2 protein chains.
Amino acid sequence: MAEFSIIDRYFKTAASAQVDLGIGDDSAIVSPPVGQQLVICTDTLIAGRHFPLSTSAHAIGWKSVAVNLSDLAAMGATPHSILLALSLPQVDEVWLQDFSQGLFDCCAPYNVHLIGGDTTQSPHLTISVTALGWIPTGQGITRSGAQVGDYVVVSGQVGDAAFALQHLGHPLQQRLDYPSPRCELGQSLRGLASSMIDVSDGLAQDLGHILKASHVGATLWLDQLPIDPALQVLPHAKQWQYALAGGDDYELCFTISKDNYQRLCQLNPVTPFTIIGCIQADLSLKFEYQGEPQFLQLSGYQHFA
Amino acid sequence: MAEFSIIDRYFKTAASAQVDLGIGDDSAIVSPPVGQQLVICTDTLIAGRHFPLSTSAHAIGWKSVAVNLSDLAAMGATPHSILLALSLPQVDEVWLQDFSQGLFDCCAPYNVHLIGGDTTQSPHLTISVTALGWIPTGQGITRSGAQVGDYVVVSGQVGDAAFALQHLGHPLQQRLDYPSPRCELGQSLRGLASSMIDVSDGLAQDLGHILKASHVGATLWLDQLPIDPALQVLPHAKQWQYALAGGDDYELCFTISKDNYQRLCQLNPVTPFTIIGCIQADLSLKFEYQGEPQFLQLSGYQHFA
């Protein structure tokens, strides 16, 4: 099957007023909204590395979009569209049908359009998605604005996906296969959060990027970590390993002043969030459990093992 | 080595006034120029499929950018920046140094910035680049505007890369390894060309996309094809196979009215171009040699063999 047939059959969608020129030409064309900046990111999923080989095609399609929308959410951006670079060992029509359905199912709630892509034959299943969004000029939330005294806050729960990866078939596998990009929460944090990152490589490592970029440190309160009941029965060391060093959470970790935290609560966001620590001047990342210092050996996800 | 070290060492570049936020956060941020549309595309190179395994890392880096800038050129866009999704079997510092140099060497003449990316470990070397450019609103050149009576024109030479692929070590391998994206020519065709495509899968197949999108046909004059002297010594059938059905040319094929062709010549573009045929109402693609019809058996590049 030619590339063109694959695109026409599985990936071409109806024209949209938000896209001037979509799939089917050398490039896509999009008109920037007035007063907005373009926010753009790319993330790759490699079969067997970023998802178990047993993962359903539908979940792979979903996740390849979700991990990118999560990066946009971490800037506070409104997602707009994606491009798909899909490299496949062979043309399997059932697989392609399920994959494209998963991809579109993740796009739909956010009104995200597939505007372009490239389909190639490769020995190894590889999916790179580029996601585009918009943010009112100057309102992008970077990693570098954390201030001493800010709360450290995380959305949802952490550690679910890392636990599920080691317990395939457990109900928490839904969290591994179908991460929820926190787009609404990210947008509601414009003008409120002082810094933000999405948690993909483990909370401690990703928070570390904020600390480094902001030239500050933090103390995390381990008894405050939002951990699923299924993990709370495990020994503390094990719980904290999943919650702090597990990958694939796709939650938002942000810093916010106490005043702005009150404003955020008044907005009453749908996505839950939890204060898990505070920013300090001392440049280290410290841990406390019930007020007592804890010394943890953690490592986040390594892209090259 | 962590992903972050690879990015810092090989891919992070100095800040630029054209990029509000570059590599190093969850997403990049770019301010759209007033009165311009965003033009965006993505193309993947798979080792052993889109380039011979013997290709130098420098050439791979160059080509991964060039094939994308070629897609922007085919819209008439001015290139602005790229994102890189690089999937590598292992961290080879010499390879990464050469690859990144090739990538930046292709970016530099066009003032293109690397603004984001993702580096992952994969069993198979795979490079997906997304390229962004700008075009004055409404001036994008699509595949769908060819008019009966227009000339069919192609830039540079066709068939060089396909010939080189079968004759590795021949001087024409430079054309296979280091394609020249025709950005200046593409931009100078704004308001002049009625349709345009970049020739990546073979001239006949790619021109076919213009014909289909424009609901017209064409006659190509085989004696006018711009073919390198090294190929002109071959039998006609062989020459035409390379020139019409070889891949990897990365030339521009466009249609243009006779009046606009005169205007184009007055602009005196640096990139050479050649009239190779004309657009007709009859929906077929015909070939003539010295005024006599020729019936050719051709096939363009198939993405899934």
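Remember, predicted model here, so these are calculated numbers, not experimental data.

### Some remarks on the pattern of salt bridges
All names here are of chain A.
- On inspection of all chains with the given rule, the structure shows 16 salt bridges over all chains.
- Between Arg-9 and Glu-93 there is a salt bridge whose closest N-O contact spans 2.9 Å. With Arg-9 in helix α1 (residues 3-11) and Glu-93 in helix α3 (residues 93-107), this residue pair connects regions lying 84 residues apart in the sequence.
- Measuring nitrogen to oxygen at the nearest pair gives 2.8 Å for the salt bridge that ties Lys-63 to Asp-248. Of the two residues, Lys-63 is situated in helix α2 (residues 57-73) and Asp-248 in the loop between α9 (236-245) and β9 (251-256); the sequence distance between them amounts to 185 residues. A single burial state applies to Lys-63 and to Asp-248, both of which are buried.
- Members of the salt-bridge network, linked through shared partners, are Asp-160, Arg-175, Arg-182 and Glu-251.

### Brief notes about the interface of chain B and chain A
- Taken residue by residue, the interface counts 65 residues in chain B and 65 residues in chain A.
- For the interface between chain B and chain A, the tally reads four salt bridges.
- A salt bridge links Arg-143 of chain A to Asp-25 of chain B, with the nearest nitrogen and oxygen atoms 3.5 Å apart.
- Counting the contacts that link chain B with chain A gives 23 residue pairs in polar contact (both at pLDDT 80 or more).
- If you tally residues by element for the side of chain B that touches chain A, the top one is strand β2 (residues 36-46) of chain B, at 10 residues.

### Let's talk about the side chain of Asp-177 of chain B
All names here are of chain B.
- With respect to the helices and strands, the residue Asp-177 is situated in helix α5 (residues 173-177).
- Lys-63 provides the closest opposite charge to the buried, salt-bridge-free Asp-177, at an N-O distance of 5.8 Å.
- Residues contacting Asp-177, with those up to four places away along its chain left out, are Thr-55, Ala-59, Trp-62 and Lys-63.

### Concerning the UniProt feature "binding site: Mg(2+) 2" (unreviewed entry) in chain A
- Using the residue numbers shown here, the UniProt feature "binding site: Mg(2+) 2" (unreviewed entry) corresponds to Asp-43 and Asp-71 of chain A. Of the residues just listed, which span 29 residues, no C-alpha pair is farther apart than 8.8 Å, and they cluster in one region.
- For Asp-43 of chain A, the position within the fold is in strand β2 (residues 36-46).
- By relative accessible area, Asp-43 of chain A is classed as buried at 17%.
- With residues near it in sequence (within four places) discarded, Asp-43 of chain A still touches Val-67, Asn-68, Asp-71, Ile-127, Ser-128 and Val-129 of chain A together with Asp-118 of chain B.
- Assignment of secondary structure puts Asp-71 of chain A in helix α2.
- You can call Asp-71 of chain A buried: its relative accessible area is 7%.
- What Asp-71 of chain A contacts, discounting residues up to four positions off in sequence, is Cys-41, Asp-43 and Asp-198 of chain A together with Asp-26 and Ser-27 of chain B.

### Here's the deal with the domain arrangement of chain A
All names here are of chain A.
- In terms of domains, chain A is made up of domain 1 (3-136) and domain 2 (151-292).
- The C-alpha-based centres of domain 1 and domain 2 are spaced at 26 Å.
- Listed per partner, the contact involves 24 residues of domain 1 and 19 residues of domain 2.
- Between domain 1 and domain 2, roughly 1,700 Å² of surface is buried when both sides are summed, and carbon and sulfur atoms account for 59% of that area.
- If you look at where domain 1 meets domain 2, you find one salt bridge.
- Between the two partners, domain 1 and domain 2, sit 10 residue pairs in polar contact (both at pLDDT 80 or more).
- At the level of elements, α2, β3 (78-88) and β5 (126-136) are the ones that each hand at least two residues to the side of domain 1 that touches domain 2.
- A total of 10 residues in the side of domain 1 that touches domain 2 trace back to one element, the largest contributor, which is α2.
- Of the residues belonging to the side of domain 1 that touches domain 2, the class tally is 14 nonpolar, eight polar and two charged.

### Examining empty space enclosed by the protein
- Following the criterion strictly, the structure yields one cavity of 30 Å³ or more and no others.
- By volume, the largest cavity amounts to about 30 Å³.
- Lining the largest cavity are Thr-42, Ala-85, Ser-128 and Thr-130 of chain A together with Thr-42, Leu-83, Ala-85, Ser-128, Val-129 and Thr-130 of chain B.
- Secondary-structure elements contributing two or more residues to the lining of the largest cavity are β5 of chain A together with β3 (78-88) and β5 (126-136) of chain B.
- Among the elements that take part in the lining of the largest cavity, β5 of chain B stands out by supplying three residues, more than any other.

The rules we used
Residues numbered from 1 in each chain as written. Chains lettered and ligands numbered in written order. Predicted model: local features only at pLDDT ≥ 70, side-chain atom pairs only at ≥ 80, totals over all residues. Heavy atoms only, no water. Salt bridge = Lys/Arg side-chain N within 4 Å of Asp/Glu carboxyl O. Helix = DSSP H or I, 4+ residues; strand = E, 2+ residues; numbered from the N terminus. Buried < 20%, exposed > 50% of the residue type's maximum accessible area, 1.4 Å probe, protein only. Contact = heavy atoms within 4.5 Å. Polar contact = N/O pair within 3.5 Å; in protein donor to acceptor, adjacent residues only side chain to side chain. Lys, Arg positive; Asp, Glu negative; His and termini not counted. UniProt positions renumbered as here; feature names shortened; annotations may be inferred. Domains from an automatic or database assignment. Buried area = accessible area lost by both parts, 1.4 Å probe. Nonpolar A, V, L, I, M, F, W, Y, C, P; charged D, E, K, R; others polar. 1 Å grid on protein atoms, 1.4 Å probe; cavity = no way out; pocket = protein on both sides within 12 Å on 5 of 7 lines; lining within 4 Å. Points joined across faces, edges and corners; volume = space filled by probe spheres on them.

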